[in-house]
Amino acid sequence: METLRHLMQWTPFLVQGMGWNVLIGLVSVLLGTAAGGTLVLLRLSPWAPVRRLALVCHTVMGHAPTLVVMFYVATLLPSSLHTPLGAVAVPLWFKASLALASTSAAFVAWNLYAAVLSWRQGDRATAILFVPNWLGIFIIGVLASTTASLIGVSEVIARAGVAIGAAGNQHMLATYAWTCALFVVFCGSVAWAVGRGRRALVRRFSASPAPSRGGS
């Protein structure tokens, strides 16, 4: 009962931290989508040097360790940027999103490139699966956002540490289990919705007739 009271007391605090994880995951996948889409355009370029450069960038972004990228972004990017309109703050959560966007961009580029090729070949059912795959990338971003605690972001893992410390480590296992449950509920719900959407898209586009490739 004491452990239960401890968890109930700290749950609002943890849920607020979970909100930062969701925000970081969402912003990272949006930035990654923009960067990944640019990489796809470059990979489809008629100029071979541009395609090779895009492939190199794609490989580097997809294989660079997230923690290393986050360290460099947090260290090299200043806490504020000076613009003609004044200083603009660069919060830690945005730095974390920017670091995670590298991996998101690689995932987006890989899926979008395959989708474009499938679309050009008339395979609409496969191409449209980019949409649920994109949501899957968002889930990965939310899970990876826990690394943001290492640069000082007050997300759910960092807040779990605060809750554990407040009780003298007495409820450590229960607190981390409860934190894990928050991720399971949120990411599991999104994954369930993605699965239903994927099946609906496959049924719809598989039943649609293939477009004509030419006229008589």
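Residues numbered from 1 in each chain as written. Predicted model: local features only at pLDDT ≥ 70, side-chain atom pairs only at ≥ 80, totals over all residues. Heavy atoms only, no water.

Novice: Can you tell me about the state of the cysteines, naming the residues and giving the values?
Specialist: Inspection of every chain in the model, using the stated rule, returns zero disulfides. There is no disulfide at Cys 187, and the cysteine sulfur nearest it, in Cys 180, is 9.8 Å away. For Cys 187, a relative accessible area of 8% translates into the label buried. (Disulfide = S-S within 2.5 Å. Buried < 20%, exposed > 50% of the residue type's maximum accessible area, 1.4 Å probe, protein only.)

Novice: Talk me through a nonpolar patch on the surface; I want residue IDs and the actual numbers.
Specialist: Together, Val 68, Phe 71, Tyr 72 and Leu 76 make up an exposed nonpolar region whose accessible area comes to about 450 Å². Looking at the element boundaries, Val 68 is found in helix α3 (residues 66-76). Val 68 sits in the partly exposed class, given a relative accessible area of 40%. (Patch = residues over 30% accessible without salt bridge, like charges linked within 9 Å, V, L, I, M, F, W, Y side chains within 5 Å. Areas by Shrake-Rupley, 256 points an atom, 1.4 Å probe, with all protein chains shown as cover. Salt bridge = Lys/Arg side-chain N within 4 Å of Asp/Glu carboxyl O. Helix = DSSP H or I, 4+ residues; strand = E, 2+ residues; numbered from the N terminus.)

Novice: Any details on the packing of α3 against helix α4 (residues 92-120)? Residues and values, ideally.
Specialist: Between α3 and α4, the least distance of the axes is 9 Å, while the angle of their chain directions is 140°. On the basis of the axis angle, α3 is oblique to α4. Where α3 crosses over α4, the two elements pack in a sense that is right-handed. Between α3, through Thr 66, Val 69, Met 70, Val 73 and Ala 74, and α4, the contact on the second element is made entirely by Lys 95, Ala 96, Leu 98, Ala 99, Leu 100 and Thr 103. (Axes fitted to C-alpha atoms, helices over the stretch in contact; angles between N-to-C directions. Parallel < 35°, antiparallel > 145°, perpendicular 65-115°, else oblique. Left-handed = near helix turned anticlockwise from the far one by under 90°. Contact = heavy atoms within 4.5 Å.)

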